[in-house]
Amino acid sequence: MKSFLTTADWTRTELDEIIESALRFKHGDDQTKPLAATSVALVFFNPSLRTRASMQVGIYELGGNAVVLEPGGTSWTLEHREGVVMDADKTEHVAEFVRVLGRYCAAIGVRTFAALKNWDEERQDPILYSFAKYSAVPVINLESAMHHPCQAVADMMTIREKLGSGRKCVVLTWAWHPKPLPMAVPNSFALAAAQMGHDLVVAHPPGYELDEQLMATIRQQATGAGGSLQIVRDVAVAFADAEVVYAKSWGAKQFYGAPEQDIAARARYRETWMVDEQKMAGTKNALFMHCLPVRRNVIVTDRVIDSPVSVVIDEAENRLHVQKAILAKLLTK
Ligand code: CP
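The paragraphs below set out a description of the structure included in this document. (Residues numbered from 1 in each chain as written. Predicted model: local features only at pLDDT ≥ 70, side-chain atom pairs only at ≥ 80, totals over all residues. Heavy atoms only, no water.)

1. Some words on the site of the ligand
Piece 1. Every residue close to the ligand is listed here: S48, L49, R50, T51, R111, H148, Q151, C291, L292 and R319.
Piece 2. Note that an oxygen atom of the ligand is positioned 2.8 Å from one of the side-chain N or O atoms of H148.
Piece 3. Within the side chain of Q151, a nitrogen or oxygen atom sits 3.0 Å from a nitrogen atom of the ligand.
Piece 4. For the ligand, the protein covers 94% of the area, taking 260 Å² as the surface of the free molecule.
Piece 5. Across the shell around the ligand, the residue classes break down as three nonpolar, four polar and three charged. (Near = heavy atom within 4 Å. Polar contact = N/O pair within 3.5 Å; in protein donor to acceptor, adjacent residues only side chain to side chain. Areas by Shrake-Rupley, 256 points an atom, 1.4 Å probe, with all protein chains shown as cover. Nonpolar A, V, L, I, M, F, W, Y, C, P; charged D, E, K, R; others polar.)

2. What about helix α2 (residues 50-61)?
Piece 1. Across its 12 residues, α2 extends 16 Å between first and last C-alpha, which sits within 8% of the 16 Å expected from 1.5 Å per residue.
Piece 2. Buried within α2 are the following residues: R50, T51, S54, M55, G58 and I59. Across the axial projection of α2, the buried residues extend over an arc of 135 degrees, all falling on one side.
Piece 3. Along its buried surface, α2 packs onto β1 (39-44), β2 (65-69), β5 (107-111), β6 (139-141) and α13 (312-331).
Piece 4. The first or second residue beyond α2 is G63, which carries a positive phi of 95 degrees. (Helix = DSSP H or I, 4+ residues; strand = E, 2+ residues; numbered from the N terminus. Expected span 1.5 Å × (residues − 1). Buried < 20%, exposed > 50% of the residue type's maximum accessible area, 1.4 Å probe, protein only. Arc of directions from axis to C-beta. Contact = heavy atoms within 4.5 Å.)

3. Thoughts on the packing of helix α7 (residues 184-195) against helix α8 (residues 212-224)
Axes are the key here: two packed helices are described by the angle between their axes and the distance separating the axes.
Piece 1. Contact pair α7 / α8: the axes reach a minimum separation of 7 Å and the direction vectors enclose 20 degrees. Considering the angle they form, α7 stands roughly parallel to α8. Of the two possible hands of crossing, α7 and α8 adopt the one that is left-handed. Taken together, the residues of α8 that come into contact with α7 (itself represented by N187, A190, L191, A194 and Q195) are L214, T217, I218, Q221 and A222. (Axes fitted to C-alpha atoms, helices over the stretch in contact; angles between N-to-C directions. Parallel < 35°, antiparallel > 145°, perpendicular 65-115°, else oblique. Left-handed = near helix turned anticlockwise from the far one by under 90°.)

4. Quick look at the packing of aromatic side chains
Here a ring pair, both rings aromatic, is described through the centre-centre distance and the interplanar angle of the planes.
Piece 1. One pass over the full model with this rule turns up nine aromatic pairs.
Piece 2. Their ring planes at 25 degrees and their centres at 3.9 Å tell us that F189 and Y246 sit as a pair that is stacked. Of this pair, F189 sits in helix α7 while Y246 sits in strand β10 (residues 244-248), and the two are 57 residues apart along the sequence.
Piece 3. Given a relative accessible area of 0%, F189 falls into the buried group.
Piece 4. Under the relative-accessibility criterion, Y246 is labelled buried at 0%. (Phe/Tyr/Trp six-rings, centres within 6.5 Å; stacked < 30°, edge-to-face > 60°.)

5. Thoughts on the pairing of β2
In regular strands, side chains alternate between the two faces of the sheet.
Piece 1. Two elements, β1 and β2, share five bridges in a ladder whose sense is parallel. Of the residues in β2, the one forming a bridge with V40 is A66.
Piece 2. Crossover connection from β1 via α2 to parallel β2: handedness right-handed. (Pairing = 2+ DSSP bridges. Right-handed = clockwise from strand over helix to strand, strands pointing away.)

6. Focus on unusual backbone geometry
Leaving glycine out, the prevailing phi sign among residues is negative, and the prevailing peptide bond configuration is trans.
Piece 1. Residue P293 is reached from L292 by a cis peptide bond, and omega for that bond is 5 degrees.
Piece 2. The backbone of A37 sits at a positive phi, close to 60 degrees, despite the residue not being glycine.
Piece 3. Here A37 is to be found in the loop between α1 (12-26) and β1.
Piece 4. Look at D125: it is not a glycine, yet its phi comes out positive at around 50 degrees.
Piece 5. Mapped onto the elements of the fold, D125 is located in the loop between α4 (119-122) and α5 (126-134).
Piece 6. For D125, a relative accessible area of 3% translates into the label buried.

7. Regarding the side chain of T7
Piece 1. Here T7 is to be found in the segment before α1.
Piece 2. The contact partners of T7, leaving out residues within four places of it in the chain, are L15, P149, V153, L191, A192 and Q195.

8. A look at the environment of E121
Piece 1. On the secondary structure map, E121 appears in helix α4.
Piece 2. Residues E121 and V110 lie 11 residues apart in sequence; the distance between their C-alpha atoms is 18 Å.

9. A few points about the sheet that holds strand β7 (residues 169-174)
Piece 1. The parallel open sheet is built from five strands, whose spatial order is β9-β8-β7-β10-β11. In this open sheet, the two strands that pair with only one neighbour each are β9 (228-232) and β11 (287-289). Taken pair by pair, the neighbouring strands of this sheet meet at an average axis angle of 20 degrees, ignoring direction.
Piece 2. Relative to β10, β7 runs parallel, the two sharing five bridges. Within β10, the residue paired with L172 across the bridge is Y246.

10. Some words on the environment of A193
Piece 1. Considering the arrangement of structural elements, one finds A193 in helix α7.
Piece 2. Residue classification places A193 among the buried positions, given a relative accessible area of 0%.
Piece 3. For the pair A193 and D155, spaced 38 residues apart in sequence, the C-alpha to C-alpha distance is 8.9 Å.
Piece 4. Discounting chain neighbours no more than four positions away, the residues touching A193 are M156, H198 and L200.

Set out below in C-alpha coordinates:
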(Lines give C-alpha, C1' and ligand atoms only; values in the text may rest on other atoms or scores of the structure.)
Protein backbone atom coordinates (compact mmCIF):
# COMPACT_ATOMS: atom_id res chain seq x y z
CA MET A 1 0.00 0.00 0.00
CA LYS A 2 1.36 3.42 -0.97
CA SER A 3 0.22 6.85 0.21
CA PHE A 4 0.55 10.25 -1.47
CA LEU A 5 2.17 12.41 1.19
CA THR A 6 4.89 14.26 -0.73
CA THR A 7 6.20 13.95 -4.29
CA ALA A 8 9.59 13.03 -2.78
CA ASP A 9 8.12 9.54 -2.23
CA TRP A 10 7.41 9.19 -5.96
CA THR A 11 9.87 8.87 -8.83
CA ARG A 12 10.01 11.15 -11.86
CA THR A 13 8.63 8.27 -13.94
CA GLU A 14 5.69 7.79 -11.56
CA LEU A 15 4.95 11.53 -11.53
CA ASP A 16 5.05 11.59 -15.35
CA GLU A 17 2.61 8.64 -15.36
CA ILE A 18 0.24 10.57 -13.07
CA ILE A 19 0.38 13.62 -15.37
CA GLU A 20 -0.19 11.46 -18.46
CA SER A 21 -3.15 9.78 -16.75
CA ALA A 22 -4.50 13.22 -15.73
CA LEU A 23 -4.27 14.37 -19.37
CA ARG A 24 -6.27 11.29 -20.45
CA PHE A 25 -8.98 12.12 -17.88
CA LYS A 26 -8.97 15.76 -19.00
CA HIS A 27 -9.34 14.91 -22.69
CA GLY A 28 -12.03 12.27 -22.10
CA ASP A 29 -9.75 9.42 -23.18
CA ASP A 30 -10.17 7.61 -19.85
CA GLN A 31 -13.78 6.98 -18.81
CA THR A 32 -13.04 4.19 -16.33
CA LYS A 33 -14.68 4.10 -12.89
CA PRO A 34 -12.03 2.57 -10.62
CA LEU A 35 -13.83 3.82 -7.50
CA ALA A 36 -17.17 2.09 -8.24
CA ALA A 37 -18.85 1.10 -4.95
CA THR A 38 -15.93 2.68 -3.06
CA SER A 39 -15.90 5.51 -0.52
CA VAL A 40 -13.05 7.94 0.15
CA ALA A 41 -12.86 10.02 3.34
CA LEU A 42 -11.86 13.69 3.03
CA VAL A 43 -10.83 15.18 6.38
CA PHE A 44 -10.58 18.97 6.49
CA PHE A 45 -9.09 20.65 9.55
CA ASN A 46 -8.95 23.89 7.48
CA PRO A 47 -11.02 25.73 4.85
CA SER A 48 -10.83 24.93 1.15
CA LEU A 49 -12.52 25.70 -2.16
CA ARG A 50 -10.46 23.98 -4.86
CA THR A 51 -9.24 20.94 -2.95
CA ARG A 52 -12.57 20.04 -1.45
CA ALA A 53 -14.65 20.66 -4.58
CA SER A 54 -12.20 18.97 -6.96
CA MET A 55 -11.79 15.92 -4.69
CA GLN A 56 -15.56 15.51 -4.29
CA VAL A 57 -16.18 15.93 -8.03
CA GLY A 58 -13.24 13.68 -8.94
CA ILE A 59 -14.37 10.86 -6.63
CA TYR A 60 -17.88 11.11 -8.10
CA GLU A 61 -16.55 11.03 -11.66
CA LEU A 62 -14.53 7.89 -10.83
CA GLY A 63 -17.72 6.18 -9.61
CA GLY A 64 -17.05 6.61 -5.88
CA ASN A 65 -18.53 8.37 -2.87
CA ALA A 66 -16.85 11.13 -0.82
CA VAL A 67 -17.27 11.25 2.97
CA VAL A 68 -16.35 14.79 4.06
CA LEU A 69 -15.46 15.35 7.72
CA GLU A 70 -14.35 18.47 9.60
CA PRO A 71 -12.81 17.63 12.98
CA GLY A 72 -14.22 19.95 15.60
CA GLY A 73 -17.16 20.75 13.30
CA THR A 74 -18.91 17.77 11.70
CA SER A 75 -16.79 15.24 13.62
CA TRP A 76 -15.11 15.17 17.06
CA THR A 77 -12.08 17.29 17.92
CA LEU A 78 -8.90 15.27 17.29
CA GLU A 79 -5.72 14.64 19.30
CA HIS A 80 -2.63 13.43 17.43
CA ARG A 81 0.09 13.51 20.10
CA GLU A 82 1.18 10.18 21.56
CA GLY A 83 0.81 9.33 25.24
CA VAL A 84 -1.10 12.45 26.25
CA VAL A 85 -3.74 12.53 28.96
CA MET A 86 -6.77 13.67 26.98
CA ASP A 87 -8.42 15.70 29.72
CA ALA A 88 -8.55 19.00 27.78
CA ASP A 89 -10.54 19.93 24.65
CA LYS A 90 -9.76 16.96 22.34
CA THR A 91 -12.39 14.20 22.25
CA GLU A 92 -10.95 11.51 19.97
CA HIS A 93 -7.43 10.32 19.06
CA VAL A 94 -6.20 9.95 15.47
CA ALA A 95 -5.37 6.33 16.42
CA GLU A 96 -9.07 5.42 16.58
CA PHE A 97 -10.37 8.00 14.06
CA VAL A 98 -8.15 6.77 11.23
CA ARG A 99 -8.57 3.05 11.91
CA VAL A 100 -12.36 3.39 12.06
CA LEU A 101 -12.45 5.38 8.80
CA GLY A 102 -10.26 2.71 7.19
CA ARG A 103 -13.00 0.14 7.85
CA TYR A 104 -15.44 2.23 5.76
CA CYS A 105 -13.25 3.93 3.18
CA ALA A 106 -10.61 2.83 0.66
CA ALA A 107 -8.47 5.96 1.16
CA ILE A 108 -8.28 8.98 3.46
CA GLY A 109 -7.46 12.50 2.28
CA VAL A 110 -6.43 14.99 4.93
CA ARG A 111 -5.90 18.75 5.01
CA THR A 112 -4.03 20.02 8.05
CA PHE A 113 -2.25 23.38 7.77
CA ALA A 114 0.70 24.56 9.82
CA ALA A 115 -0.41 26.53 12.87
CA LEU A 116 2.80 28.63 12.55
CA LYS A 117 3.45 28.29 16.26
CA ASN A 118 6.44 25.93 16.62
CA TRP A 119 8.78 25.50 13.66
CA ASP A 120 10.77 22.52 14.99
CA GLU A 121 7.55 20.60 15.60
CA GLU A 122 5.59 21.63 12.52
CA ARG A 123 8.41 20.96 10.06
CA GLN A 124 7.95 17.27 11.00
CA ASP A 125 4.34 17.37 9.70
CA PRO A 126 3.06 15.61 12.85
CA ILE A 127 -0.66 15.36 12.04
CA LEU A 128 -0.13 14.09 8.49
CA TYR A 129 2.31 11.43 9.68
CA SER A 130 0.04 10.46 12.56
CA PHE A 131 -2.67 9.71 9.95
CA ALA A 132 -0.15 7.74 7.87
CA LYS A 133 1.08 5.82 10.92
CA TYR A 134 -2.35 4.52 11.88
CA SER A 135 -3.94 4.13 8.46
CA ALA A 136 -4.37 0.73 6.84
CA VAL A 137 -5.53 2.49 3.64
CA PRO A 138 -3.67 5.05 1.48
CA VAL A 139 -3.49 8.59 2.86
CA ILE A 140 -3.60 11.51 0.42
CA ASN A 141 -2.09 14.81 1.53
CA LEU A 142 -4.56 17.59 0.71
CA GLU A 143 -2.13 20.19 2.14
CA SER A 144 -0.22 19.66 5.33
CA ALA A 145 2.13 21.84 7.34
CA MET A 146 4.98 21.21 4.89
CA HIS A 147 3.57 19.89 1.60
CA HIS A 148 0.78 20.29 -0.95
CA PRO A 149 1.71 17.58 -3.47
CA CYS A 150 -1.63 17.50 -5.35
CA GLN A 151 -1.21 21.21 -6.09
CA ALA A 152 2.41 20.73 -7.17
CA VAL A 153 1.60 17.93 -9.63
CA ALA A 154 -1.27 20.01 -11.09
CA ASP A 155 1.23 22.87 -11.47
CA MET A 156 3.72 20.61 -13.27
CA MET A 157 0.91 19.40 -15.54
CA THR A 158 -0.04 23.02 -16.32
CA ILE A 159 3.56 23.95 -17.21
CA ARG A 160 3.78 20.89 -19.46
CA GLU A 161 0.47 21.71 -21.18
CA LYS A 162 1.41 25.34 -21.82
CA LEU A 163 5.15 25.05 -22.57
CA GLY A 164 5.81 21.40 -23.43
CA SER A 165 7.65 18.76 -21.43
CA GLY A 166 11.19 20.19 -21.71
CA ARG A 167 13.35 21.96 -19.14
CA LYS A 168 12.14 25.48 -18.34
CA CYS A 169 13.33 28.45 -16.25
CA VAL A 170 10.83 28.46 -13.39
CA VAL A 171 10.87 31.25 -10.78
CA LEU A 172 9.21 30.72 -7.41
CA THR A 173 8.87 34.18 -5.91
CA TRP A 174 7.91 35.17 -2.36
CA ALA A 175 5.32 37.95 -2.20
CA TRP A 176 4.19 40.24 0.58
CA HIS A 177 0.96 39.30 2.39
CA PRO A 178 -0.55 40.98 5.46
CA LYS A 179 0.02 37.90 7.60
CA PRO A 180 2.44 34.95 7.65
CA LEU A 181 1.26 31.90 5.68
CA PRO A 182 2.41 28.25 5.69
CA MET A 183 5.17 26.97 3.40
CA ALA A 184 3.43 23.90 2.00
CA VAL A 185 2.81 25.29 -1.49
CA PRO A 186 6.29 26.75 -2.09
CA ASN A 187 7.93 23.64 -0.64
CA SER A 188 6.00 21.28 -2.89
CA PHE A 189 6.23 23.47 -5.99
CA ALA A 190 10.01 23.77 -5.64
CA LEU A 191 10.40 20.05 -4.96
CA ALA A 192 8.25 18.98 -7.93
CA ALA A 193 9.90 21.50 -10.29
CA ALA A 194 13.29 20.08 -9.25
CA GLN A 195 12.09 16.49 -9.76
CA MET A 196 10.90 17.48 -13.27
CA GLY A 197 14.38 18.79 -14.11
CA HIS A 198 13.48 22.46 -14.47
CA ASP A 199 15.92 25.30 -13.84
CA LEU A 200 14.44 26.54 -10.59
CA VAL A 201 15.02 30.02 -9.14
CA VAL A 202 13.72 30.56 -5.59
CA ALA A 203 13.45 34.29 -4.84
CA HIS A 204 12.76 35.66 -1.38
CA PRO A 205 13.93 38.45 0.92
CA PRO A 206 16.57 37.69 3.57
CA GLY A 207 15.04 35.82 6.51
CA TYR A 208 12.45 33.97 4.42
CA GLU A 209 14.57 30.91 3.63
CA LEU A 210 12.74 27.61 3.14
CA ASP A 211 13.62 24.55 5.23
CA GLU A 212 17.35 23.82 4.96
CA GLN A 213 16.98 20.04 4.79
CA LEU A 214 14.25 20.28 2.16
CA MET A 215 16.36 22.69 0.11
CA ALA A 216 19.20 20.15 0.16
CA THR A 217 16.77 17.53 -1.20
CA ILE A 218 15.52 19.99 -3.83
CA ARG A 219 19.10 20.75 -4.95
CA GLN A 220 19.89 17.04 -5.14
CA GLN A 221 16.69 16.32 -7.11
CA ALA A 222 17.32 19.24 -9.51
CA THR A 223 20.87 18.14 -10.24
CA GLY A 224 19.85 14.49 -10.58
CA ALA A 225 17.10 15.37 -13.06
CA GLY A 226 19.34 17.57 -15.21
CA GLY A 227 18.06 20.91 -13.89
CA SER A 228 19.44 23.44 -11.42
CA LEU A 229 18.62 25.45 -8.31
CA GLN A 230 19.46 29.10 -7.71
CA ILE A 231 18.46 31.16 -4.67
CA VAL A 232 18.06 34.90 -5.31
CA ARG A 233 17.46 37.62 -2.70
CA ASP A 234 17.05 40.52 -5.13
CA VAL A 235 13.61 40.62 -6.70
CA ALA A 236 14.89 42.93 -9.43
CA VAL A 237 17.12 40.19 -10.86
CA ALA A 238 14.92 37.18 -10.02
CA PHE A 239 12.60 37.49 -13.01
CA ALA A 240 15.25 37.67 -15.74
CA ASP A 241 14.95 34.70 -18.15
CA ALA A 242 11.84 33.38 -16.36
CA GLU A 243 9.48 31.29 -18.48
CA VAL A 244 7.23 30.70 -15.46
CA VAL A 245 6.65 33.04 -12.50
CA TYR A 246 5.02 31.26 -9.55
CA ALA A 247 4.05 33.68 -6.76
CA LYS A 248 3.40 32.66 -3.16
CA SER A 249 3.78 34.27 0.22
CA TRP A 250 5.07 32.37 3.23
CA GLY A 251 6.05 33.02 6.82
CA ALA A 252 9.58 33.17 8.21
CA LYS A 253 10.73 30.14 10.22
CA GLN A 254 12.27 32.28 12.96
CA PHE A 255 8.95 34.03 13.58
CA TYR A 256 6.81 30.91 14.10
CA GLY A 257 4.95 31.69 17.34
CA ALA A 258 5.50 35.46 16.93
CA PRO A 259 3.39 36.61 13.95
CA GLU A 260 3.58 40.28 14.96
CA GLN A 261 7.38 40.16 14.51
CA ASP A 262 7.00 38.63 11.05
CA ILE A 263 4.44 41.30 10.11
CA ALA A 264 6.85 44.03 11.24
CA ALA A 265 9.82 42.44 9.44
CA ARG A 266 7.99 42.02 6.12
CA ALA A 267 6.45 45.53 6.02
CA ARG A 268 9.41 46.91 4.06
CA TYR A 269 8.84 44.38 1.24
CA ARG A 270 5.21 45.29 0.54
CA GLU A 271 5.68 47.24 -2.69
CA THR A 272 8.89 45.66 -3.99
CA TRP A 273 7.82 42.01 -3.93
CA MET A 274 4.40 42.26 -5.61
CA VAL A 275 4.22 40.70 -9.10
CA ASP A 276 3.42 43.56 -11.49
CA GLU A 277 3.59 44.37 -15.20
CA GLN A 278 7.07 45.87 -14.89
CA LYS A 279 8.54 42.70 -13.39
CA MET A 280 6.71 40.47 -15.87
CA ALA A 281 8.07 42.63 -18.74
CA GLY A 282 11.58 41.55 -17.74
CA THR A 283 10.78 37.85 -18.27
CA LYS A 284 10.71 35.71 -21.41
CA ASN A 285 6.95 36.29 -21.72
CA ALA A 286 6.56 34.11 -18.60
CA LEU A 287 3.37 32.38 -17.53
CA PHE A 288 1.95 33.72 -14.28
CA MET A 289 0.99 31.00 -11.80
CA HIS A 290 -0.54 30.96 -8.31
CA CYS A 291 -2.29 28.16 -6.43
CA LEU A 292 -5.21 30.42 -5.35
CA PRO A 293 -6.80 31.88 -3.30
CA VAL A 294 -4.86 35.05 -4.11
CA ARG A 295 -5.15 38.60 -2.82
CA ARG A 296 -5.35 40.88 -5.86
CA ASN A 297 -3.12 43.96 -5.87
CA VAL A 298 -1.26 42.52 -2.89
CA ILE A 299 0.42 39.39 -4.30
CA VAL A 300 -0.20 40.26 -7.98
CA THR A 301 -1.70 43.20 -9.84
CA ASP A 302 -5.05 42.95 -11.62
CA ARG A 303 -3.28 43.63 -14.90
CA VAL A 304 -1.04 40.58 -14.52
CA ILE A 305 -3.61 38.10 -13.18
CA ASP A 306 -6.13 39.21 -15.82
CA SER A 307 -3.58 39.09 -18.67
CA PRO A 308 -3.25 36.28 -21.24
CA VAL A 309 -0.10 34.92 -19.51
CA SER A 310 -2.06 34.13 -16.35
CA VAL A 311 -2.92 30.42 -16.09
CA VAL A 312 -4.33 30.35 -12.57
CA ILE A 313 -7.75 28.99 -13.61
CA ASP A 314 -6.14 26.21 -15.67
CA GLU A 315 -4.03 25.26 -12.64
CA ALA A 316 -7.17 25.03 -10.53
CA GLU A 317 -8.90 22.89 -13.19
CA ASN A 318 -5.92 20.57 -13.36
CA ARG A 319 -6.30 19.80 -9.65
CA LEU A 320 -9.37 17.77 -10.62
CA HIS A 321 -7.63 15.72 -13.32
CA VAL A 322 -4.45 15.13 -11.30
CA GLN A 323 -6.35 14.01 -8.21
CA LYS A 324 -8.41 11.59 -10.32
CA ALA A 325 -5.11 10.19 -11.64
CA ILE A 326 -3.71 9.88 -8.11
CA LEU A 327 -6.87 8.16 -6.82
CA ALA A 328 -6.89 5.79 -9.80
CA LYS A 329 -3.20 4.95 -9.29
CA LEU A 330 -3.62 4.31 -5.56
CA LEU A 331 -6.93 2.44 -5.73
CA THR A 332 -7.11 0.52 -9.01
CA LYS A 333 -7.28 -3.15 -8.03
N1 CP B 1 -4.97 25.78 -3.95
C2 CP B 1 -5.77 25.24 -3.01
O3 CP B 1 -5.42 24.23 -2.37
O4 CP B 1 -6.97 25.86 -2.86
P5 CP B 1 -7.96 25.63 -1.64
O6 CP B 1 -7.23 26.07 -0.39
O7 CP B 1 -9.16 26.48 -1.96
O8 CP B 1 -8.30 24.17 -1.56
